[in-house]
Amino acid sequence: MKGNAFTEMATLWGIGRISSMPGTLASCVAAIPLFFVHIPLWAIILVMLIGIYVSDVYSKNRGEIDPKEVVIDEVVGTWIALYGYPPSYIIAGLFLFRILDIFKPFPISWSEKAPGGWGIMADDVVGGMMANFILFAVDWLYFKGGFVAIFAG
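In short, a report on the structure. Keep in mind that what you see is a predicted model, and the values were worked out from it rather than measured.

Our next topic: the packing of helix α4 (residues 90–103) against helix α6 (residues 116–143). It is the contact of α4 with α6, at a shortest axis distance of 9 Å, that shows an interaxial angle of 135°. Considering the angle they form, α4 stands oblique to α6. Two packed elements cross with a definite hand, and for α4 against α6 that hand is right-handed. On α6, the residues that touch A92, G93, L96, F97, L100 and D101 of α4 are D123, D124, G127, G128, M130, A131, I134 and L135. Class assignment for the residues of the contact of α4 with α6 results in 8 nonpolar, 3 polar and 3 charged.

Here it is, written out as structure tokens:
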């Protein structure tokens, strides 16, 4: 299905249709600019809000709850997972986000039950937040003295 250029944002203008693993491909594409620039929080929120709308329109036009080719949610989830981290964390954050997005542990599985575009976006937002927190915890424990703070007191 092809829509107008605005609703095609839901598929990243076709990227969601060219792979048997559209979410992973879209996450990798979303990570590329992070090697060069920091995506500000306002931009992540803007893409998330646009993504909710275009995902909702696209899924309704398609007659499916969460079409696999809709991948704008993976862009947002990837950016949230890596928010605040330098490029050296991209591979770890991308891996964590994809694992969480594929297996959907609670609360990710619960969040995707929201209706329409909200449900399409919500699981990736929650997955991105969880990946970001896991990166933070591992960074703190192993690289910022967390183990020493916990056990040497």
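All right, on to the packing of helix α1 (residues 22–31) against α4 then. Running from N to C, α1 and α4 cross one another at 150°; their axes reach a closest spacing of 11 Å. One element, α1, and the other, α4, form an angle in the roughly antiparallel class. Considering the relative orientation of α1 and α4, their crossing is right-handed. Every residue of α4 that contacts α1 at G23, T24, S27, C28 and A31 is listed here: I90, L94, F97 and R98. For the contact of α1 with α4, the class distribution of residues is 5 nonpolar, 3 polar and 1 charged.

Calculation notes
- Residues numbered from 1 in each chain as written.
- Predicted model: local features only at pLDDT ≥ 70, side-chain atom pairs only at ≥ 80, totals over all residues.
- Heavy atoms only, no water.
- Axes fitted to C-alpha atoms, helices over the stretch in contact; angles between N-to-C directions.
- Helix = DSSP H or I, 4+ residues; strand = E, 2+ residues; numbered from the N terminus.
- Parallel < 35°, antiparallel > 145°, perpendicular 65-115°, else oblique.
- Left-handed = near helix turned anticlockwise from the far one by under 90°.
- Contact = heavy atoms within 4.5 Å.
- Nonpolar A, V, L, I, M, F, W, Y, C, P; charged D, E, K, R; others polar.

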